[in-house]
Amino acid sequence: MEEKKEDKEPKKRVNMREQEPLVRARNFMEVPYGYNPEEAVAEASRCLSCLNPICRKGCPVAIDIPSFVKLIKEGRFIEAAWKIKEDNALPAVCGRVCPQEIQCESMCILGKKGEPVAIGNLERFVADYEREKGEVQIPGRPKLSGRKIAIIGSGPAGLSCAADLIKSGHQVTLFEALHKPGGVLIYGIPEFRLPKAIVEKEVDYISKLGVKVVLNAVIGKLFTIDELFSEQGYDACFIATGAGLPMFLGIPGENLNGIYSANEFLTRANLMKAYLFPEYDTPIKKGRNVAVFGGGNVAMDSARVALRLGAEKVHLIYRRSEAEMPARKAETHHAREEGVEFLMLTNPVRFIDDGKGNVCAVECQKMELGEPDTSGRRKPVPVKGSEFQIEIDVAIPAIGTRSNPLLTKTIPDLSLNKRGYIIADEETGMTSKKGVFAGGDIITGSATVILAMGAGRKAAKAINEYLKWKYWDTSRFVGQ
Amino acid sequence: MFKILKKEELSDLVILFEIEAQDIAKKAKAGNFFTLRINEQGERIPLTIADFDRDRGTITTVFQKMGKTTHLLGALNAGDSIMDVIGPLGMHSHIENFGKVICVGGGVGIAPTYPIARALREAGNTVISIIGARTKNLIFWEDRMRNVSDELIIVTDDGSLGRKAVVTVPLDERLTEDKDIELAYAIGPAIMMKFVCVTTQKHNVKTIVSLNSIMVDATGMCGACRVEVGGETKFACVDGPEFEGHKVDFDLLMSRQRMYVNEEKIAFERYKEKSGVK
Ligand SMILES: Cc1cc2nc3c(=O)[nH]c(=O)nc-3n(C[C@H](O)[C@H](O)[C@H](O)COP(=O)(O)OP(=O)(O)OC[C@H]3O[C@@H](n4cnc5c(N)ncnc54)[C@H](O)[C@@H]3O)c2cc1C
Ligand SMILES: Cc1cc2nc3c(=O)[nH]c(=O)nc-3n(C[C@H](O)[C@H](O)[C@H](O)COP(=O)(O)OP(=O)(O)OC[C@H]3O[C@@H](n4cnc5c(N)ncnc54)[C@H](O)[C@@H]3O)c2cc1C
Ligand code: SF4
Ligand code: SF4
Ligand code: FES
């Protein structure tokens, strides 16, 4: 049956309507409008309901894609949302930010001949529909177990772990260092890509389930992990503090005024709402000519925020070629449409001072691709004599993050790897310290929202087991 | 929400708050600071924990009204609350018995100098303190400082209290006389700390300064607070705020402190218009 359908000319994917590029490049409202019910049904109808749905293999949490898509086809949108929520607590987020083209959609059978089913768009649609129309169900509280669990960090890993553990009847406290919960979803990913109201709703939901959210609590400073165990009576803890330490380029002039780490630039704009200055008090330099360095999602977000703050020109400078850029395809496409100028195979060598401590230009060098490096990507090598300067007044290195040692250095008996990330068992999140689990970017380095959520759920399961047996075996993974 | 239990106006511009913050009070040590956000639209600003009372669960801070946020803060009264208070942050001071030490506090920097001088004294040091400001009205905590110092020297730029001098004058004299001073501490405006370091370097006395760079999260996540110490970039909020003064690039610090002068002016003018402050 499947084969027959495949032979036919596949129907075209239903695209999401979105704001005009030149209009949206000047506002912070969400770029795509999302599907309406008719569009969602039309797109869902393209799915072949495969008996062996290989799309699921592409999803890190193996969402039952054909089932939820079928429910959409039948107009049962709320049920479709619940179906997804069996495996993914944050569909409105993942539908928007998952790199679908290398995950679920990359496997979809329709992709072999034409365009894959727009799984992400459909996921987003039902989650939004449920939020706007449906009664969000708050399940009754299960029997209390009498156990207490501390979760450190309220990004996707911490949120999903908390959601699962509270359903098991434990007392769960979520500690967050910042004044708003959500991790990168709040301070990093901009409003136009992930409206903050959605994240707030999700956090609200888990608070309603009974999770106690404690903001402004910098663990390691306010309380140590040992104090949480010994003085506050926690039975286990899950560390999900992310990879929030910005890396810089390490070139001369990098501390001049006007040069921001992507973390700072995005935090000022998103968390502190500096784009609304002076309504909001936090200032941000609105550059006229901005250079962003890097090729990932963080670089795209920085470039697009700079445009929206009013920049005339935004250069995105990357040392490899576009094929190697790790950003989601949708983001690169959107950035280019909005007028971000891509300068590929280019590397900055120094920043130039205007004589008053501000950056006024960056000197760059052209690169060419040489032999493949250890990552399999062709290594960029500088072209001699190719130096040139670009006038800029704001520069944003977005070249990655490392693990923030603030908490880990207060836990001497926790094993870290060479790069400072916590060593933990991938399946359970168990670390070298009894009762301490970890997951998300703090063990993997910068990864994705869905992987962090997956790690949170695996840890929740393992924590439940641990509370039963208090068994701790770290021989499998510690000491590598 | 964090309640202000006590407000004291120490001078025209300098205000003391005692804030209810049980958990922070339990952990605070000399040299730590905290970050606050007054309301939903507010920015996050760092202030030093100038004192703490573990039994009552309070922290004390002393701040100088500079621009919008500190003026808005100064307009609050006992009984009012601050939305967010985050701490204790930063590395606390390294306290041991060095022998003889000299502590220099300039302007509002007198406040953070106090718990350090106290801790140094409790550790057995002989403590000489120098406090200074532009004028008499800006000097505060003379009594507190006297209580924790073996000797207290007061200077003002205009001579309205104590000696008419800047802090580096008595500092230079003492370092010339007392060859056994092992360590100097200096907290105040960047320009003061810079010249204290010039002076102590002459006498080869190790000097600790507390750097007040612009901060956002104050947990090492953004890099707004970066400073150069010994040619290396450091994050003042987590690596500091205290550093060895002779290695600090003060010109960079001062330049980075000026990054938002235009924006600060806009925010302050707007605030003044709305609130009727002169
Ligand atoms: C700008 C940007 C864009 C991105 N875009 C995408 C995308 O499009 N798609 C995608 O899949 N992924 C994207 N990512 C990656 C994704 O956001 C991360 O992989 C994911 O958020 C990691 O989740 P986490 O829960 O491990 O940590 P985080 O989201 O980093 O959350 C960690 C939380 O812990 C808190 N914390 C840290 N230390 C402490 C402490 N000591 N005490 C208390 N709390 C603490 C932090 O304040 C933070 O809130 C992007 C990342 C960035 C920065
Ligand atoms: C670790 C540390 C401890 C401090 N302790 C004290 C203290 O105990 N008492 C006290 O009066 N002041 C202290 N400060 C300085 C205080 O944070 C600033 O005076 C305050 O932020 C000024 O804000 P404003 O809006 O009133 O003034 P603005 O007009 O906005 O700024 C005045 C000056 O303050 C500095 N500043 C502005 N915003 C920030 C910010 N977000 N973070 C840091 N500095 C900023 C800038 O250099 C600016 O030029 C400390 C600073 C640091 C970094
Ligand atoms: S969670 Fe992400 S990868 Fe999984 S189905 Fe949804 S969009 Fe695809
Ligand atoms: S999404 Fe694609 S692979 Fe998955 S069931 Fe539908 S057609 Fe098959
Ligand atoms: S203030 Fe953000 S890293 Fe120091």
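Refer to the structure presented above.
Right, let's walk through the structure included here. Computed from a predicted model, the values in this text were never measured in an experiment.

### With respect to the pairing of strand 6 (residues 289-293) of chain A
Residues and elements named next belong to chain A.
Point 1. Within strand 6, 4 of the 5 residues are buried, which leaves it mostly tucked inside the rest of the structure.
Point 2. Taking the sense of rotation as the criterion, the β-α-β connection linking strand 6, helix 15 (residues 297-308) and strand 7 (residues 313-317) turns out right-handed.
Point 3. Bridging between strand 6 and strand 13 (residues 394-397) involves 4 bridges; their strand directions are parallel. Bridging across to strand 13, Ala-291 finds its partner in Ala-395.

### Quick notes on the site of ligand 1
All names here are of chain A.
Point 1. If you check the shell around ligand 1, you find 36 residues, and the closest are Val-97, Ala-157, Glu-176, Arg-193 and Asp-441.
Point 2. Between an oxygen atom of ligand 1 and a main-chain N or O atom of Val-184, the distance comes to 3.0 Å.
Point 3. In the environment of ligand 1, a nitrogen atom lies 2.9 Å from a nitrogen or oxygen atom belonging to the backbone of Ile-219.
Point 4. Isolated, ligand 1 exposes 1000 Å² of accessible area, and the fraction of that covered by the protein chains is 93%.
Point 5. Mapped onto the shell around ligand 1, the elements with two or more residues apiece are helix 10 (156-167), helix 15, helix 17 (405-408) and helix 19 (449-469).
Point 6. Considering only residue class, the shell around ligand 1 consists of 21 nonpolar, 10 polar and 5 charged.

### Looking at the pattern of salt bridges
Point 1. According to the stated counting rule, one finds 63 salt bridges over all chains in the structure shown.
Point 2. A salt bridge links Arg-124 of chain A to Glu-30 of chain A; the shortest N-O distance between them is 3.1 Å. Of this pair, Arg-124 of chain A sits in helix 9 (residues 119-132) while Glu-30 of chain A sits in the loop between helix 2 (21-24) and helix 3 (37-44), and the two are 94 residues apart along the sequence. Exposure class is identical for Arg-124 of chain A and Glu-30 of chain A. Each is buried.
Point 3. Between Glu-151 of chain B and Arg-174 of chain B there is a salt bridge whose closest N-O contact spans 2.4 Å. Remark: Arg-174 of chain B occurs in helix 5 (residues 168-177) and Glu-151 of chain B occurs in strand 11 (residues 151-156); sequence separation between them is 23 residues.
Point 4. Each of Glu-18, Arg-24, Arg-193, Asp-301, Arg-304, Arg-308, Arg-328, Glu-331, Glu-337 and Glu-338 of chain A takes part in one network of salt bridges that share partners.

### Brief notes about helix 3 of chain A
All names here are of chain A.
Point 1. For helix 3, the full list of buried residues reads Glu-39, Ala-40, Glu-43 and Ala-44. Seen along its axis, helix 3 keeps its buried residues to an arc of 130°; they face one direction.
Point 2. In this fold, the buried residues of helix 3 make contact with helix 5 (65-73) and helix 9.

### Some details on the site of ligand 3
Point 1. Inspection of the region around ligand 3 gives 13 residues, with Cys-59, Cys-98, Gln-103, Cys-104 and Glu-123 of chain A positioned closest.
Point 2. Residues belonging to the shell around ligand 3 are distributed by class as follows: 9 nonpolar, 3 polar and 1 charged.

### Quick look at the packing of aromatic side chains
Point 1. According to the stated counting rule, one finds 16 aromatic pairs over all chains in the structure shown.
Point 2. The interplanar angle of 65° and the centroid separation of 5.9 Å between the aromatic rings of Phe-437 of chain A and Tyr-466 of chain A together place this pair among those described as edge-to-face. Here Tyr-466 of chain A lies in helix 19 and Phe-437 of chain A lies in strand 15 (residues 436-438), a separation of 29 residues in the sequence.
Point 3. With a relative accessible area of 1%, Phe-437 of chain A lands in the buried category.
Point 4. Accessibility expressed as a relative area gives 6% for Tyr-466 of chain A, which makes it buried.
Point 5. For the pair Phe-140 of chain B and Trp-141 of chain B, a centre-to-centre distance of 5.9 Å together with 70° between the ring planes defines the contact as edge-to-face. Each member of the pair, Phe-140 of chain B as well as Trp-141 of chain B, carries the same accessibility label: buried.
Point 6. Aromatic rings pair up to connect Phe-28, Phe-192 and Tyr-275 of chain A into one cluster.
Point 7. Against the face of Phe-192 of chain A rests Arg-308 of chain A, its NZ or CZ located 3.7 Å from the ring centre.

### Brief notes about the environment of Ala-224 of chain B
Point 1. Examined against the element boundaries, Ala-224 of chain B turns out to sit in the loop between strand 14 (206-210) and strand 15 (226-229).
Point 2. In this structure Ala-224 of chain B comes out as buried when scored by relative accessible area, which is 4%.
Point 3. Distance from Ala-224 of chain B to Arg-174 of chain B, taken between C-alpha atoms, is 37 Å for residues 50 residues apart in sequence.
Point 4. Setting aside residues no more than four positions away along its own chain, Ala-224 of chain B makes contact with Glu-264 and Arg-268 of chain A together with Ile-214, Val-216 and Arg-256 of chain B.

### Considerations on the interface of chain B and chain A
Point 1. Taken together, the contacts link 44 residues of chain B with 43 residues of chain A.
Point 2. For the pairing of chain B and chain A, the buried interface totals around 3800 Å² over both sides, and the portion due to carbon and sulfur atoms is 52%.
Point 3. On the chain B side of the contact with chain A, Met-221, Arg-226 and Met-259 of chain B bury the most area, a combined 17% of that side's loss.
Point 4. At the boundary of chain B with chain A, the tally comes to 5 salt bridges.
Point 5. Ionic pairing is found between Glu-227 of chain A and Lys-27 of chain B, a salt bridge with its closest N-O pair at 2.7 Å.
Point 6. Between chain B and chain A we count 24 residue pairs in polar contact (both at pLDDT 80 or more) in total.
Point 7. For the side of chain B that touches chain A, the secondary structure elements donating two or more residues are helix 1 (22-27), helix 2 (68-74), strand 8 (84-89), strand 15, strand 16 (232-235), helix 8 (250-257) and helix 9 (261-275) of chain B.
Point 8. Counting residues per element, the side of chain B that touches chain A draws most heavily on strand 8 of chain B, at 6 residues.
Point 9. Among the residues making up the side of chain B that touches chain A, the classes are represented as 20 nonpolar, 10 polar and 14 charged.

### Points about the state of the cysteines
All names here are of chain A.
Point 1. Across all of its chains, the model carries 0 disulfides over all chains by this definition.
Point 2. With no disulfide of its own, Cys-364 lies 13 Å from the sulfur of Cys-360, the closest cysteine sulfur.
Point 3. Cys-364 gets classed as buried once you look at its relative accessible area, which sits at 0%.

### Quick look at the packing of helix 10 of chain A against helix 12 (residues 196-209) of chain A
Residue and element names in this part refer to chain A.
Point 1. Interaxial distance between helix 10 and helix 12 falls to 9 Å at its minimum, and their mutual angle equals 25°. Regarding the angle of helix 10 to helix 12, the classification is roughly parallel. When you trace helix 10 past helix 12, the crossing you get is left-handed. For the pair helix 10 and helix 12, the contacting residues are Leu-159, Ala-162, Ala-163, Ile-166 and Lys-167 in the first and Val-203, Ile-206 and Leu-209 in the second.

### Digging into unusual backbone geometry
Point 1. Note the cis peptide between Phe-277 of chain A and Pro-278 of chain A, where omega equals 5°.
Point 2. The residue Pro-278 of chain A is located in the loop between helix 14 (262-271) and strand 6 in this model.
Point 3. Between Gly-87 of chain B and the following residue, Pro-88 of chain B, the backbone shows a cis peptide bond with an omega angle of -10°.
Point 4. Its identity as a non-glycine residue notwithstanding, Leu-345 of chain A has a phi of 50°, on the positive side.
Point 5. Structurally, the position occupied by Leu-345 of chain A is in the loop between strand 8 (341-343) and strand 9 (346-353).
Point 6. For Leu-345 of chain A, a relative accessible area of 22% corresponds to the partly exposed category.
Point 7. Backbone geometry at Lys-470 of chain A places phi at a positive 50°, although glycine is not the residue there.
Point 8. As for its placement among the helices and strands, Lys-470 of chain A is situated in the segment after helix 19.

The rules behind each value
- Residues numbered from 1 in each chain as written.
- Chains lettered and ligands numbered in written order.
- Predicted model: local features only at pLDDT ≥ 70, side-chain atom pairs only at ≥ 80, totals over all residues.
- Heavy atoms only, no water.
- Buried < 20%, exposed > 50% of the residue type's maximum accessible area, 1.4 Å probe, protein only.
- Helix = DSSP H or I, 4+ residues; strand = E, 2+ residues; numbered from the N terminus.
- Right-handed = clockwise from strand over helix to strand, strands pointing away.
- Pairing = 2+ DSSP bridges.
- Near = heavy atom within 4 Å.
- Polar contact = N/O pair within 3.5 Å; in protein donor to acceptor, adjacent residues only side chain to side chain.
- Areas by Shrake-Rupley, 256 points an atom, 1.4 Å probe, with all protein chains shown as cover.
- Nonpolar A, V, L, I, M, F, W, Y, C, P; charged D, E, K, R; others polar.
- Salt bridge = Lys/Arg side-chain N within 4 Å of Asp/Glu carboxyl O.
- Arc of directions from axis to C-beta.
- Contact = heavy atoms within 4.5 Å.
- Phe/Tyr/Trp six-rings, centres within 6.5 Å; stacked < 30°, edge-to-face > 60°.
- Lys NZ or Arg CZ within 6 Å of the ring centre and 35° of its normal.
- Buried area = accessible area lost by both parts, 1.4 Å probe.
- Disulfide = S-S within 2.5 Å.
- Axes fitted to C-alpha atoms, helices over the stretch in contact; angles between N-to-C directions.
- Parallel < 35°, antiparallel > 145°, perpendicular 65-115°, else oblique.
- Left-handed = near helix turned anticlockwise from the far one by under 90°.

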